[in-house]
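Inside the fold
Okay, here's what each chain looks like letter by letter:
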Amino acid sequence: MTTLVQSISLQTEANHPTQTESNSIPLFSSESPQKVQIKWLDSGKPVLEGLESQQVEVSLSHDDRFCLCVVGRGPQGCDIVPVNHRSQADWMSLFSSDRQLLLNQLLATSYESVDIAGTRLWAAIEALRKAFDTKDISLSIDSQQEDTILFQGKAAGKELYVMTFPVSFTKDSQRMIAAIVNKK
């Protein structure tokens, strides 16, 4: 396992660095809080060291400006990506034939432009790949409510759901968010 520990600098009143310490944070209140560190496997998957017994997992994603993190019990996966402009042919060339059918289903909804649909599909696939830790995933649309779409992903006999929705930040391009969710 490869270790990456982020350091933070403590500041004096004069705003000068005084010392550096490991970025360990206590999670889940208890009488004796545990120290938790994010470490990365050789595959690039982040893991929370110190919460193994609680089966807490983490997923991280970033783009050129923003970072997204999800933490919870069980498999986690997330993605944040700018909505990219590509032609329909370019989007189709990025996906396998079964994903091309899914892209066409997304385009058939009244909420989807080719750029929203392609970016949404890309983000959902990435979030599921992180959660399943594999690229061999079957994917289908489970449900839709306005511009939010819930996908069902299956891999190795397991099933997960990923919610996708566009967001707009002030003075910035639109992003697509994808995150593993529990279906209730």
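So, a few notes on the structure that sits alongside this text.

Moving on, we get to the environment of V83. Inspection of the secondary structure puts V83 in the loop between β8 (78–82) and α1 (88–94). Residue V83 is classed as partly exposed on the basis of its relative accessible area of 21%. The spacing of V83 and I116 is 33 residues in sequence and 6.2 Å in space, taken between C-alpha atoms. Residues within four places of V83 in sequence aside, it is in contact with D115, I116, T119, Q174, R175 and M176.

Here we come to the packing of helix α2 (residues 97–107) against helix α3 (residues 114–132). For the pair α2 and α3, interaxial distance at closest approach is 9 Å and the crossing angle is 130°. The orientation of α2 with respect to α3, classified from their angle, is oblique. In the packing of α2 onto α3, the handedness of the crossing is right-handed. Residue-level contacts link R99, L102, L103, L106 and L107 of α2 to V114, A117, G118, R120, L121 and I125 of α3. Within the contact of α2 with α3, the residues separate by chemical class into eight nonpolar, one polar and two charged.

With respect to the helices and strands, S96 occurs in the loop between α1 and α2. When its relative accessible area of 38% is taken as the criterion, S96 is described as partly exposed. Of note is the side chain of S96, whose polar atom sits 2.4 Å from the side chain of D98.

Taken together, five strands build an open sheet; the order of strands is β8-β12-β11-β10-β9 and the sheet is antiparallel. Pairing within the sheet leaves two strands with one partner each, and these edge strands are β8 and β9 (138–145). Put simply, the sheet's adjacent strands are angled 20° from each other on average, direction ignored. α2 rests against β9 and β10 (148–155) of the sheet, and its axis sits at about 10° to β9.

The rules behind each value
- Residues numbered from 1 in each chain as written.
- Predicted model: local features only at pLDDT ≥ 70, side-chain atom pairs only at ≥ 80, totals over all residues.
- Heavy atoms only, no water.
- Helix = DSSP H or I, 4+ residues; strand = E, 2+ residues; numbered from the N terminus.
- Buried < 20%, exposed > 50% of the residue type's maximum accessible area, 1.4 Å probe, protein only.
- Contact = heavy atoms within 4.5 Å.
- Axes fitted to C-alpha atoms, helices over the stretch in contact; angles between N-to-C directions.
- Parallel < 35°, antiparallel > 145°, perpendicular 65-115°, else oblique.
- Left-handed = near helix turned anticlockwise from the far one by under 90°.
- Nonpolar A, V, L, I, M, F, W, Y, C, P; charged D, E, K, R; others polar.
- Polar contact = N/O pair within 3.5 Å; in protein donor to acceptor, adjacent residues only side chain to side chain.
- Pairing = 2+ DSSP bridges.

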